[in-house]
Number of protein chains: 2
Amino acid sequence: MAESQNITSAEELASRDELRELVRSQLQMFLEQENFQGAKTLLVPVQPADAAHAIERLPPELHAIAFRLLPKDKSSEIYEHLDSTVQQTLIEEFKNQELQELIDRMSPDDRVRLLDELPADLVRRLLKQLSSSERQATSLLLGYEPNTAGRIMTPEYVSLKEHFTVSQAFDRIRNLANITETIYALYVTDGTRHLTGILSLRDLVTAEPEQTIGEIMTRDVVSVHTSMDQEEVARTIQRYDFLAVPVVDSEQRLVGIVTVDDVLDVIERETTEDIYALGGLQADRENYFQMNLFRISRRRVTWLLVLLVTNIFTGGVIAANEDMLEQVVSLAMFIPLLVDTGGNVGTQSSTVIIRGLNMDKIRTRLAWQIIRREALVGILLGLMMGIIVILVAYVFLQDWPVALTVGLSLWAIATLASTSGAALPLLFKSLGFDPALMSAPFITTFVDVLGVLIYFYVARALVAF
Amino acid sequence: MAESQNITSAEELASRDELRELVRSQLQMFLEQENFQGAKTLLVPVQPADAAHAIERLPPELHAIAFRLLPKDKSSEIYEHLDSTVQQTLIEEFKNQELQELIDRMSPDDRVRLLDELPADLVRRLLKQLSSSERQATSLLLGYEPNTAGRIMTPEYVSLKEHFTVSQAFDRIRNLANITETIYALYVTDGTRHLTGILSLRDLVTAEPEQTIGEIMTRDVVSVHTSMDQEEVARTIQRYDFLAVPVVDSEQRLVGIVTVDDVLDVIERETTEDIYALGGLQADRENYFQMNLFRISRRRVTWLLVLLVTNIFTGGVIAANEDMLEQVVSLAMFIPLLVDTGGNVGTQSSTVIIRGLNMDKIRTRLAWQIIRREALVGILLGLMMGIIVILVAYVFLQDWPVALTVGLSLWAIATLASTSGAALPLLFKSLGFDPALMSAPFITTFVDVLGVLIYFYVARALVAF
């Protein structure tokens with residue numbers, strides 16, 4: 001691929017994935033043959049994300065060699081796309097001079113994200129390599145809490161003054177174009193760095209050269225505070241369809257911007273956390289294949305131990321009703337059904353409520369309305385299933401009292417489960433906790449214990465006479 | 001707010017949310033007093049998304065009045081931000097002339113998204129109102145499958161020719177700036193609309209006026225096919241940090257572009273679908289508060305009925321072992337524990353695997369490696385929990401055989417659950433099914449039925465002698 005080809009027909013390469021695989025295998029071949037010139041030329045026209053993909057999938061011993069062949073002006077960008085394990089390996093291999101060139105050239109927000117993922121000794125080594133202006137920019141960002149706007153922003157934006165003409169603005173943009181994160185979102189500040197307006201490059205392009213920035217800009221500025229949670233920053237960008245959002249401090253001075261591409265990554269990480277929480281897991285920062293089995297097990301066992309404790313109570317209730325079971329052994333048959341149903345109805349309700357809360361589509365002030373709806377849904381579901389179960393149970397056992405016991409208990413459990421599935425996330429959210437993390441163990445406990453209590457209570461009423 | 005104020009100090013308004021609430025209450029007040037001039041002036045400087053928010057929260061009878069006061073050049077954009085229920089109400093209220101102005105001015109991709117959400121009679125009415133060129137653009141998009149690149153793209157992009165100079169390109173951009181979706185991502189086509197290169201407005205701004213487009217552009221074009229799934233389009237934009245990605249047909253001709261702001265919405269919808277699937281739910285397109293209770297229950301009952309069938313088998317296994325239970329009633333105490341543990345270990349494993357598959361971080365070709373890891377994790381978890389349970393059970397029952405039965409069964413169930421939690425999603429993915437949708441019912445069935453079988457088998461071996 002000495003001269004990059006246009007993809008002129010779909011038949012040539014079935015997909016971008018195949019292209020990337022091709023690049024990787026070609027690269028590996030060149031490196032193994034020590035054809036460094038060929039490898040270099042191969043990598044020149046390749047998209048940074050694809051070059052990173054190719055390097056990652058080389059055998060580890062070739063990582064550093066391949067990276068050193070990259071064109072200097074793209075190496076930082078390619079580095080940012082690499083898997084964190086490969087990033088660490090390279091840092092450990094590089095000499096100080098190479099490190100400095102790499103780290104200094106990164107944009108501050110990407111640098112901070114890298115530093116956040118590295119072990120402390122590597123972080124110290126890297127910070128020492130930074131030029132003093134870059135170290136200052138980095139310390140600024142590191143001064144903010146993780147997962148906030150201040151931490152993920154970059155101070156490399158274009159600022160203009162209201163009195164600039166459109167042509168003056170263009171000159172400034174041209175000078176800054178290669179060192180700012182974006183030139184499409186432009187920020188207007190006054191003499192004390194207060195954010196007074198925003199405009200887009202599109203606004204500038206469609207304006208007359210003699211107009212001033214003050215005439216064109218929008219004064220109704222949407223900005224975020226440095227302490228805003230990154231998920232909320234992401235939602236703000238999504239709501240307003242922005243390319244970037246300005247970050248201000250408590251005096252409304254502009255300190256940085258967050259761009260939409262970083263937001264996509266934030267959203268992916270936050271979503272994985274939410275999905276894991278709903279599944280009873282803590283999110284891992286590391287690659288699945290990198291984690292050692294003991295660590296994985298240790299992280300998963302927490303939730304399971306909670307369940308164990310819950311089931312001491314359920315077991316206790318069943319033990320207390322052993323006389324009932326001795327009398328009517330067939331009652332035991334339905335225990336898994338009741339436990340499963342409670343679990344699933346509860347999960348359905350809590351999934352809807354938790355997702356709605358996270359997406360800001362449900363507000364806690366409507367809590368009672370929501371709980372009432374879910375309770376009604378539980379009643380309907382319990383009714384539908386209860387009737388089916390009574391019939392099925394009768395077909396198998398020819399025993400109305402037991403069948404009715406199971407049906408009624410199922411109805412009660414479904415209602416309980418949907419109600420608590422809605423109520424508990426809302427309660428936790430209003431107390432300031434993460435609804436996804438806290439709800440599942442409590443919902444299960446509540447529903448399981450109350451469920452078996454109801455079961456045996458109804459059984460005693462209907463069966464034992 | 002006749003002259004929009006800068007937000008000069010954080011104390012003035014604690015948050016953007018408060019500002020929006022202020023706009024809404026002011027607007028409502030003006031409308032109720034029939035102060036239409038005041039309402040109009042209020043809305044002029046407000047961000048489209050915020051104006052939509054304000055209108056949505058007005059009493060329904062004021063929606064149309066408020067909307068008609070909006071400045072014409074922003075009304076389409078504001079309309080796109082409205083909740084779909086409000087959108088429908090407005091359409092039903094509008095006269096044909098108003099409809100035409102509204103619909104004609106929308107960008108094609110937003111129009112198609114609106115049409116996709118409306119009932120058929122409204123869609124027909126709207127299509128009739130379109131001017132013929134807009135109807136053509138719309139039909140083009142509607143011709144593509146839902147949820148594909150072709151459906152979510154817009155044909156309003158900037159295309160340039162290789163021989164253009166930078167100044168000529170700027171002229172063209174200036175002319176197109178108000179009618180294209182974006183001017184920051186620029187596409188170079190040949191005489192037959194084949195996509196030959198791409199460049200960014202930043203590239204153009206930093207170039208010399210006499211250079212040609214052909215000299216500046218990148219020939220290594222990343223594009224997507226019209227039939228590509230929208231989730232994959234989103235991933236592509238995310239991977240390459242693009243602002244937009246070009247969409248080509250099977251002859252590599254450029255037909256449209258998908259911009260990053262639309263991708264954020266796609267990601268949110270697709271994530272909700274995934275999260276719901278993991279919770280045993282089908283995703284709803286509608287607002288939570290709009291759906292009637294019977295519909296909600298009907299959509300949730302499917303998964304629950306599957307569980308019912310599963311539990312006929314578990315119930316059957318328990319029934320077949322009733323003699324065992326009669327002998328050792330305390331065995332019943334632990335059934336909820338075993339069922340819960342199987343469910344949760346299975347959920348943990350499948351959550352990790354399914355999320356990894358959806359994020360393209362796990363590939364099916366590494367299936368055996370993954371299954372083996374999860375099996376080992378299950379063994380470790382089962383060991384940890386099994387030991388704890390044996391001790392706890394002994395403390396409660398003073399009965400080693402039962403305690404050991406429970407512990408060993410738990411160990412076996414944990415291993416089974418983690419293995420199938422990994423294996424089944426991988427199997428379904430490799431067969432072309434959605435792993436999230438299919439896995440949960442099957443995993444639960446498999447683990448529950450085998451779990452009780454193992455429990456009683458071990459019980460017979462250890463307890464009954």
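Residues numbered from 1 in each chain as written. Chains lettered and ligands numbered in written order. Predicted model: local features only at pLDDT ≥ 70, side-chain atom pairs only at ≥ 80, totals over all residues. Heavy atoms only, no water.

K.L.:
Just checking my understanding: could you explain the UniProt feature "domain: CBS" (unreviewed entry) in chain A for this structure?
P.N.:
The positions UniProt marks with the feature "domain: CBS" (unreviewed entry) are residues 153–216 and 217–273 of chain A. Annotated as residues 153–216 of chain A, this span is 31% helix and 22% strand, and its ends, taken at the C-alpha atoms, are 26 Å apart. (UniProt positions renumbered as here; feature names shortened; annotations may be inferred. Helix = DSSP H or I, 4+ residues; strand = E, 2+ residues; numbered from the N terminus.)

K.L.:
For this particular structure, what's the right way to read the UniProt feature "transmembrane region" (unreviewed entry) in chain A?
P.N.:
In the numbering adopted here, UniProt assigns the feature "transmembrane region" (unreviewed entry) to residues 301–319, 375–396, 408–428 and 440–458 of chain A. From the first C-alpha to the last, residues 375–396 of chain A spans 30 Å; its make-up is 100% helix and 0% strand.

K.L.:
Would you mind showing me how to read the pairing of strand 2 (residues 185–189) of chain B here?
P.N.:
If a strand is regular, its side chains alternate between the two faces of the sheet. Residue and element names in this part refer to chain B. The element strand 2 is largely enclosed, with a buried count of five among its five residues. Judged by which residues are buried, strand 2 turns out to be covered on both faces: Ala185, Tyr187 and Thr189 on one side and Leu186 and Val188 on the other are all buried. Bridge count between strand 1 (residues 158–160) and strand 2: three bridges; the pairing is parallel. Each bridged residue has a counterpart across the sheet, and for leucine 160 the counterpart in strand 2 is valine 188. In this fold, strand 1 hands off to helix 12 (residues 166–176), which returns the chain to strand 2; that crossover is right-handed. Pairing of strand 2 with strand 3 (residues 195–200) involves five bridges; the strand directions are antiparallel. Looking across to strand 3, one finds that leucine 186 is bridged to leucine 199. (Buried < 20%, exposed > 50% of the residue type's maximum accessible area, 1.4 Å probe, protein only. Pairing = 2+ DSSP bridges. Right-handed = clockwise from strand over helix to strand, strands pointing away.)

K.L.:
Which parts of the structure should I look at to understand the relation of the copies chain B and chain A?
P.N.:
Both copies of the chain are related by a screw-like operation: a rotation about an axis and a shift along it. Each copy superposes on the other: chain B lies on chain A with an RMSD of 0.1 Å after a rotation of 180 degrees and an axial shift of 0.0 Å. Between the two chains, the operation in question is that of a two-fold axis. The overlap is high: 98% of the interface residues of chain B also sit at the interface in chain A, so the same surface is used on both sides. (Least-squares fit on C-alpha atoms with pLDDT ≥ 70 in both. Contact = heavy atoms within 4.5 Å.)

K.L.:
I keep staring at the pattern of salt bridges and nothing clicks. Help me out?
P.N.:
Note on pairing: side chains with opposite charge can pair once their charged atoms come close. All names here are of chain A. The tally for this structure, following the rule as stated, stands at 28 salt bridges over all chains. A salt bridge links arginine 57 to glutamate 56; its shortest N-O distance comes to 3.1 Å. With a relative accessible area of 36%, arginine 57 lands in the partly exposed category. Three or more residues joined by partner-sharing salt bridges are found here, namely Asp110, Arg113 and Asp262. (Salt bridge = Lys/Arg side-chain N within 4 Å of Asp/Glu carboxyl O.)

K.L.:
Would you mind showing me how to read the confidence of the model for chain A here?
P.N.:
Close inspection of predicted coordinates is inappropriate in any region flagged by low pLDDT. Residues and elements named next belong to chain A. Of the residues in chain A, 95% reach a pLDDT of 70 or more, and the chain-wide mean stands at 86. Per-element confidence in chain A ranges from a low mean pLDDT of 80 for helix 9 (residues 120–129) to a high of 96 for strand 2 (residues 185–189). pLDDT under 50 marks residues 1–14. Its contacts with residues more than four places away, or in other chains, come to 20 contacts. Reported for the predicted complex are a pTM of 0.81 and an ipTM of 0.80. (pLDDT = per-residue confidence, 0-100.)

K.L.:
Which parts of the structure should I look at to understand the side chain of Ser76(A)?
P.N.:
Relative to the helices and strands, Ser76(A) resides in helix 5 (residues 72–81). Setting aside residues no more than four positions away along its own chain, Ser76(A) makes contact with Glu101(A), Leu102(A), Arg105(A) and Met106(A).

K.L.:
Would you explain the sheet that holds strand 6 (residues 254–259) of chain B in this entry?
P.N.:
Each strand in a sheet pairs with another by means of backbone hydrogen bonds, the pair being arranged parallel or else antiparallel. Strand order in the open sheet formed by three strands is 4-5-6 (chain B), and the pairing between neighbours is mixed. Of all the strands in the sheet, just strand 4 (224–225) and strand 6 of chain B have a single pairing partner and so form its edges.

K.L.:
What is the right way to look at the packing of helix 5 of chain A against helix 7 (residues 96–105) of chain A in this model?
P.N.:
Helix-helix packing is characterised by the crossing angle of the two axes and by the distance between the axes. Residue and element names in this part refer to chain A. Running from N to C, helix 5 and helix 7 point in directions that differ by 75 degrees, and their axes come no closer than 9 Å. Regarding the angle of helix 5 to helix 7, the classification is roughly perpendicular. Residues Lys72, Ser75, Ser76 and Tyr79 of helix 5 pack against Glu101, Leu102 and Arg105 of helix 7. (Axes fitted to C-alpha atoms, helices over the stretch in contact; angles between N-to-C directions. Parallel < 35°, antiparallel > 145°, perpendicular 65-115°, else oblique.)

K.L.:
How should helix 2 (residues 36–43) of chain B be read in this particular structure?
P.N.:
Helical periodicity: at 3.6 residues per turn, an α-helix aligns residues three or four positions apart in one direction. Residue and element names in this part refer to chain B. When helix 2 is considered as a whole, its buried residues turn out to be Gly38, Ala39, Leu42 and Leu43. Down the axis of helix 2, the sector holding all buried residues measures 125 degrees, keeping them to one side. Against the buried residues of helix 2 lie helix 1 (16–32), helix 3 (48–56), helix 4 (63–68) and helix 5 (72–81). (Arc of directions from axis to C-beta.)

K.L.:
In this structure, what is going on with the environment of Pro146(A)? I would like to understand it.
P.N.:
By secondary structure assignment, the location of Pro146(A) is in the loop between helix 10 (132–142) and helix 11 (149–152). Residues Pro146(A) and Arg113(A), 33 residues apart in the sequence, show an inter-C-alpha distance of 9.6 Å.

K.L.:
For this particular structure, what's the right way to read the interface of chain B and chain A?
P.N.:
Between chain B and chain A, the residue contacts involve 123 residues of the former and 122 residues of the latter. For the pair chain B and chain A, the summed buried area comes to about 11,500 Å², and 63% of that belongs to carbon and sulfur atoms. Here chain B and chain A share two salt bridges between them. A salt bridge links Arg300(A) to Glu374(B), with the shortest nitrogen-to-oxygen separation between them at 2.8 Å. The interface formed by chain B and chain A includes 34 residue pairs in polar contact (both at pLDDT 80 or more). No other element matches the 18 residues that helix 17 (residues 293–320) of chain B contributes to the side of chain B that touches chain A. Partitioned by chemical class, the residues of the side of chain B that touches chain A number 66 nonpolar, 33 polar and 24 charged. (Buried area = accessible area lost by both parts, 1.4 Å probe. Polar contact = N/O pair within 3.5 Å; in protein donor to acceptor, adjacent residues only side chain to side chain. Nonpolar A, V, L, I, M, F, W, Y, C, P; charged D, E, K, R; others polar.)

K.L.:
It is not clear to me how a nonpolar patch on the surface should be interpreted in this structure. Could you clarify?
P.N.:
All names here are of chain A. A grouping of Leu376, Ile379, Leu383, Ile387, Leu391, Trp400, Leu404, Leu408 and Trp411 is seen on the molecular surface, where their side chains present a nonpolar patch of about 770 Å² in accessible area. Of all the elements in the fold, those that place two or more residues in the nonpolar patch are helix 20 (367–397) and helix 21 (400–430). With respect to the helices, strands and loops of the structure, leucine 391 is situated in helix 20. (Patch = residues over 30% accessible without salt bridge, like charges linked within 9 Å, V, L, I, M, F, W, Y side chains within 5 Å. Areas by Shrake-Rupley, 256 points an atom, 1.4 Å probe, with all protein chains shown as cover.)

K.L.:
Quick question: what am I supposed to make of the packing of aromatic side chains here?
P.N.:
To describe a pair of aromatic rings, one takes the distance between the centres and the angle between the planes. All names here are of chain B. This model, assessed by the stated rule, comprises 15 aromatic pairs over all chains. When the centroid spacing of 5.6 Å and the interplanar angle of 40 degrees are considered together, the rings of phenylalanine 67 and phenylalanine 94 count as tilted. Here phenylalanine 67 is found in helix 4, whereas its partner phenylalanine 94 is found in the loop between helix 6 (84–93) and helix 7 (96–105), with 27 residues between them in sequence. The two residues phenylalanine 67 and phenylalanine 94 agree in class, both being buried. (Phe/Tyr/Trp six-rings, centres within 6.5 Å; stacked < 30°, edge-to-face > 60°.)

K.L.:
I keep staring at helix 17 of chain B and nothing clicks. Help me out?
P.N.:
With 28 residues, helix 17 of chain B extends 39 Å from end C-alpha to end C-alpha; this agrees with the ideal 40 Å at 1.5 Å per step. The largest bend in helix 17 of chain B amounts to roughly 35 degrees and is located at Val301(B). (Expected span 1.5 Å × (residues − 1). Bend = angle between axes of the 7 residues up to and from the residue.)

K.L.:
Would you take a moment to explain the pairing of strand 6 (residues 254–259) of chain A for this structure?
P.N.:
Residue and element names in this part refer to chain A. Among the six residues of strand 6, six are classified as buried, and the element is accordingly described as predominantly covered. Both strand 5 (residues 244–248) and strand 6 contribute to a ladder of five bridges, which runs antiparallel. Paired with alanine 244 across the bridge in strand 6 is threonine 259. Once strand 5 ends, the chain turns through five residues before running back antiparallel as strand 6, passing glutamine 252 with a positive phi of about 65 degrees.

K.L.:
Help me understand unusual backbone geometry in this model?
P.N.:
Glycine aside, a negative phi is what most residues show, and trans is what most peptide bonds show. Residue and element names in this part refer to chain B. Of note, arginine 193 is a non-glycine position whose phi angle comes to about 65 degrees, a positive value. Of note, arginine 193 is situated in the loop between strand 2 and strand 3. For arginine 193, a relative accessible area of 41% puts it in the partly exposed group. Of note in the backbone geometry, glutamine 398 takes a positive phi value of approximately 55 degrees without being a glycine. Tracing the chain through its elements places glutamine 398 in the loop between helix 20 (367–397) and helix 21 (400–430).

K.L.:
How do you make sense of the environment of Phe67(B) when you look at a structure like this?
P.N.:
Residue and element names in this part refer to chain B. Residue class for phenylalanine 67 comes out buried when judged on its relative accessible area of 6%. Sequence separation between phenylalanine 67 and glutamine 26 is 41 residues, and the spatial gap between their C-alpha atoms is 15 Å. For phenylalanine 67, the contacting residues outside a window of four places in its chain are Ile55, Ser75, Tyr79, Leu82, Leu90, Phe94 and Leu102.

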